[in-house]
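Residue-level structural notes
Given next are the chains, with one letter for each unit.
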Amino acid sequence: MDTIAGFFSFITTPVSWVIVQFHTVYGAIFGADTGWAWGLSIVSLVILIRICLIPLFVKQIKATRAMQTLQPEMKKIQERYKNDKQRQSEEMMKLYKETGTNPLSSCLPILAQSPFFFALYHVLNGIATGKTIGVINDDLLASARKAHIFGAPLAAKFMDSSDKVEALGATLTDVRVVTAVMIVLMSFSQFYTQRQLMTKNVDTTVKTPFMQQQKMLMYVFPVMFAVFGINFPVGVLVYWLTTNVWTMGQQMYVIRNNPTPGSKAQAAYLERLHKHVTNHGKTRNRRERAIVKAIVAKGRDRNEFERKFINGLTKSGLAAQPDGNVVKSEGSVATLTAEDGAPTTTAAPKRQQPKRQSKAQRQSGAAKTAGESTVANASDASDASDASGSSDSGASEPTSLSKSEQPKDASQPAARKAGTPKSGSGGRSKAQSGQRKGGPQRPKSPSKK
């Protein structure tokens with residue numbers, strides 16, 4: 001432990017200085033020797049550190065999502081080069097370089113927070129052993145040794161002996177009860193944070209080994225905190241519990257407002273966004289416009305929840321634009337007016353699909369259609385015959401003359417005038433030719449002399 005303390009000694013002085021400054025503020029309110037003054041100083045130190053680490057946290061989120069996206073490609077590389085580990089590593093590094101992804105980016109907040117954690121541990125250990133450290137002098141050291149949080153001194157541990165705990169002005173029972181409760185809360189907060197990440201903010205359409213690793217860490221980390229927690233001073237447990245609660249709240253905010261595509265959190269977010277957009281007819285801020293813009297740009301690559309969101313806007317008479325705005329769509333809804341004069345919108349009626357008919361119904365329908373067509377053709381032919389007969393009767397005498405009533409020479413001009421077709425043409429009906437089957441035939445044209 002001395003080696004670790006010496007390695008992180010460069011940050012011990014800044015950490016002790018920040019704690020003393022916060023203690024000055026809270027000491028004026030609650031009293032310099034109270035556990036509230038020293039406990040809130042540690043909590044404020046955590047909040048200050050986590051605020052400074054927000055940019056790294058954002059980078060961690062992007063790196064984690066990029067790694068989730070690359071899992072299918074990584075799996076293909078592992079299967080292709082499973083017998084060649086060197087080539088597998090080369091292809092992995094090539095994939096990371098092409099996509100600009102760094103696997104260590106997801107660990108940046110933890111790595112950046114580690115020096116502050118060990119520096120605080122070293123400061124509290126100095127308080128427990130009665131040694132001044134950093135900017136904490138003898139007066140501040142005596143005040144910190146008197147401070148108790150729910151009856152447990154800041155420097156006491158779960159595994160301390162009763163003599164050491166009594167030297168700090170407390171009982172072993174109080175120390176173990178307080179430290180046990182804080183260890184349980186610390187482990188539970190870590191478990192819940194990892195669980196909501198796995199159950200709500202993971203793409204359910206892709207099953208990759210990365211999900212199994214995260215699932216394993218969900219159970220491993222709480223056990224690690226429980227094992228190591230029994231050797232942490234109360235002040236360090238306050239620090240670690242506070243940072244776990246901060247992480248849990250920060251994770252909940254990210255999952256609610258910036259979920260992973262394809263996850264259950266995205267489905268809930270798009271449902272809330274659809275409800276707001278349909279009520280107000282527009283997106284309310286830049287972040288929502290950016291999400292709508294990204295969904296529109298995906299086109300056919302949208303997942304199930306994104307397609308449902310776009311279809312819901314269409315049914316509501318709205319259309320998402322490429323720039324992320326939402327406007328009213330013309331023709332998709334019909335505008336009606338209520339009795340009180342207020343305009344109301346209703347969706348356009350859906351097109352009715354014809355009912356499916358059986359084979360017997362289709363055959364009877366076809367026979368009926370054929371019969372109607374035959375009757376119609378016969379009616380048309382009858383009408384044409386009547387019209388031709390009436391025109392012939394008005395223009396000249398009927399052509400149904402016998403040979404005894406009219407001479408042969410007189411019948412020839414009449415036949416030519418009527419325009420009798422040649423025999424064998426078959427192009428006109430009997431009604432149009434004006435001749436009966438047994439009537440006179442058209443004479444041959446006289447030869448020119």
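About the thresholds
Numbers given to residues run from 1 along each chain, matching the order in which its sequence is written. Local features in this predicted model are restricted to residues of pLDDT 70 or higher, and side-chain atom pairs are both shown and tallied only at a pLDDT of 80 or more, whereas totals for entire chains, interfaces and linings draw on every residue. Side-chain measures here rest on the full set of heavy atoms in the structure, leaving out hydrogens and waters. Helix and strand labels come from DSSP, where a helix needs a run of H or I of at least four residues and a strand needs a run of E of at least two; each type is numbered from the N terminus. Exposure classes here rest on a 1.4 Å probe applied to the protein chains alone. A residue is buried below 20% of its type maximum, exposed above 50%, and partly exposed in between. With axes taken as lines fitted to C-alpha atoms, and helix axes fitted only over the stretch in contact, angles between N-to-C directions fall between 0 and 180 degrees. When describing relative orientation, an angle under 35 degrees is termed roughly parallel and one over 145 degrees roughly antiparallel, while 65 to 115 degrees is termed roughly perpendicular and anything else oblique. Contacts: residue pairs with any heavy atoms within 4.5 Å of one another. Each residue gets one label: Ala, Val, Leu, Ile, Met, Phe, Trp, Tyr, Cys and Pro are nonpolar, Asp, Glu, Lys and Arg are charged, and the others, such as Gly, are polar. One side-chain nitrogen of Lys or Arg within 4 Å of one carboxyl oxygen of Asp or Glu is enough to make a salt bridge. By definition here, a helix of n residues has an expected span of 1.5 Å times n minus one. For patch building, the residue pool is restricted to those with more than 30% relative accessible area and no salt bridge; the joining distance is 9 Å between like charges and 5 Å between nonpolar side chains (Val, Leu, Ile, Met, Phe, Trp, Tyr). Note on areas: Shrake-Rupley with a 1.4 Å probe; residue coverage comes only from the protein chains shown. Working definition of a nonpolar core: buried Ala, Val, Leu, Ile, Met, Phe, Trp, Tyr and Cys residues. They are joined through side-chain atoms within 4.5 Å. What pLDDT reports is the predictor's confidence in each residue, on a scale of 0 through 100. A cavity here means a set of 1 Å grid points, computed over protein atoms only, where a 1.4 Å probe fits but cannot escape. A pocket is an open set with protein on both sides within 12 Å along at least 5 of 7 lines, and lining residues have an atom within 4 Å of a point. Grid points are joined across faces, edges and corners, and a volume is the space filled by probe spheres set on the points. Here a crossing is called left-handed whenever its near helix is offset anticlockwise from the far helix by less than a right angle, and right-handed whenever the offset is clockwise. What is called the bend at a residue is the angle between a pair of axes, fitted to the seven residues leading up to and ending at it and to the seven starting from it.

1. Considerations on the overall build of the chain
If you tally the helices and strands in the chain, you get 17 helices and six strands. Every one of the 449 residues in the chain was classed for burial, and the buried ones make up 33%.

2. Quick notes on the packing of helix 12 (residues 264-280) against helix 13 (residues 286-298)
The description of two packed helices rests on the angle between their axes and on the distance between the axes. Contact pair helix 12 / helix 13: the axes reach a minimum separation of 12 Å and the direction vectors enclose 110°. In terms of their interaxial angle, helix 12 and helix 13 are classed as roughly perpendicular. Residues Tyr269, Leu270, Leu273 and His276 of helix 12 form the contact with helix 13, whose participating residues are Arg287, Glu288, Ile291, Val292 and Ile295. Its residues placed into classes, the contact of helix 12 with helix 13 shows six nonpolar, one polar and two charged.

3. Notes on the environment of Ala152
Within the fold, Ala152 resides in strand 2 (residues 152-153). Residues Ala152 and Thr173, spaced 21 residues apart in sequence, show a C-alpha to C-alpha distance of 9.2 Å. Setting aside residues no more than four positions away along its own chain, Ala152 makes contact with Ala147, Asp174, Val175, Val178 and Val234.

4. Details of the pattern of salt bridges
What the rule picks out here adds up to four salt bridges. When the shortest N-O distance is used, the salt bridge between Arg284 and Glu288 registers 2.4 Å. According to the relative accessible area criterion, Glu288 is buried, its value standing at 1%. Between Glu306 and Lys298 there is a salt bridge; the shortest N-O distance is 2.8 Å. By relative accessible area, Lys298 is classed as partly exposed at 29%.

5. Considering helix 11 (residues 234-257)
Over its 24 residues, helix 11 extends 35 Å from the first C-alpha to the last, a length consistent with the 34 Å expected when each residue adds 1.5 Å. A large share of helix 11 lies buried, amounting to 17 of its 24 residues.

6. Re a nonpolar patch on the surface
There is a patch of nonpolar side chains on the surface, built from Met216, Val220, Val223, Met224, Val227 and Phe228 and spanning about 530 Å² of accessible area. Mapping Val227 onto the fold places it in helix 10 (residues 209-229).

7. Focus on the nonpolar core
Across soluble globular proteins, you tend to see nonpolar side chains buried next to one another. Among the nonpolar cores identified, the biggest contains 47 residues, and Trp38, Leu45, Leu120, Ile127, Ile136 and Tyr239 are the most heavily contacted of them. Those elements giving two or more residues to this core turn out to be helix 2 (9-30), helix 3 (35-52), helix 6 (108-129), helix 7 (138-146), helix 9 (172-200) and helix 11. If you tally residues by element for this core, the top one is helix 6, at eight residues. In this view, Tyr239 contacts Ile42, Val46, Ile49, Gln113, Phe116, Phe117 and Leu120; residues no more than four positions away in its chain are not counted. Counting 12 residues, the second-largest nonpolar core is a separate cluster that includes Leu270, Leu273, Ile291 and Ile310.

8. Digging into the confidence of the model for the chain
Residues of the chain with pLDDT of at least 70 account for 68%, and the chain-wide mean is 74. Least confident of the elements in the chain is strand 5 (residues 333-337), whose mean pLDDT is 37; most confident is helix 3, at 91. Scored below 50 in pLDDT, residues 332-349 makes 22 contacts in the model with residues more than four places away or belonging to other chains. Overall, residues 387-435 carries pLDDT values under 50, and its contacts beyond four positions in sequence, including any with other chains, amount to 20 contacts.

9. What about the side chain of Ser143?
Within the fold, Ser143 resides in helix 7. Beyond its immediate stretch of four places on either side in the chain, Ser143 contacts His23, Ala32, Asp33 and Trp38.

10. Some points on empty space enclosed by the protein
Rolled over the atoms, a probe sized like a water molecule indicates the empty space that remains. All told, the structure shown has three cavities of 30 Å³ or more when counted by the stated rule. A volume near 40 Å³ is recorded for the second largest cavity. Lining the second largest cavity are Ile19, Trp38, Ile42, Val123, Leu124, Ile127, Ile136 and Leu154. Listed by contribution, the elements that provide at least two residues to the lining of the second largest cavity are helix 3 and helix 6. The greatest single-element share of the lining of the second largest cavity, amounting to three residues, is contributed by helix 6.

11. Topic: the side chain of Gln190
Summarising the element assignment, Gln190 is placed in helix 9. Classification of Gln190 as buried rests on a relative accessible area of 15%. Those residues in contact with Gln190, other than ones at most four positions away along the chain, are Phe221, Pro222, Phe225 and Asn244.

12. Structural notes on the packing of helix 6 against helix 11
It is the contact of helix 6 with helix 11, at a shortest axis distance of 9 Å, that shows an interaxial angle of 155°. Considering their axes alone, helix 6 and helix 11 lie roughly antiparallel with respect to each other. In this structure, helix 6 meets helix 11 at a crossing whose hand is right-handed. Contacts from Gln113, Phe116, Phe117, Leu120, Tyr121 and Leu124 in helix 6 reach Gly235, Val236, Tyr239, Trp240 and Thr243 in helix 11. Looking at the contact of helix 6 with helix 11, its residues break down into eight nonpolar, three polar and no charged.

13. Overview of unusual backbone geometry
Non-glycine residue Phe150 carries a positive phi angle of around 55°. Relative to the helices and strands, Phe150 is located in the loop between strand 1 (148-149) and strand 2. Phe150 gets classed as exposed once you look at its relative accessible area, which sits at 70%.

14. Concerning helix 6
In a regular helix each residue adds 1.5 Å, so 22 residues correspond to 32 Å; helix 6 covers 32 Å between its end C-alpha atoms and thus fits that length. Along helix 6, the sharpest change in direction is near 35° and occurs at Ser114; proline Pro115 comes one to four residues later. The set of residues buried in helix 6 consists of Pro109, Gln113, Pro115, Phe117, Ala119, Leu120, Tyr121, Val123, Leu124, Gly126, Ile127 and Ala128.

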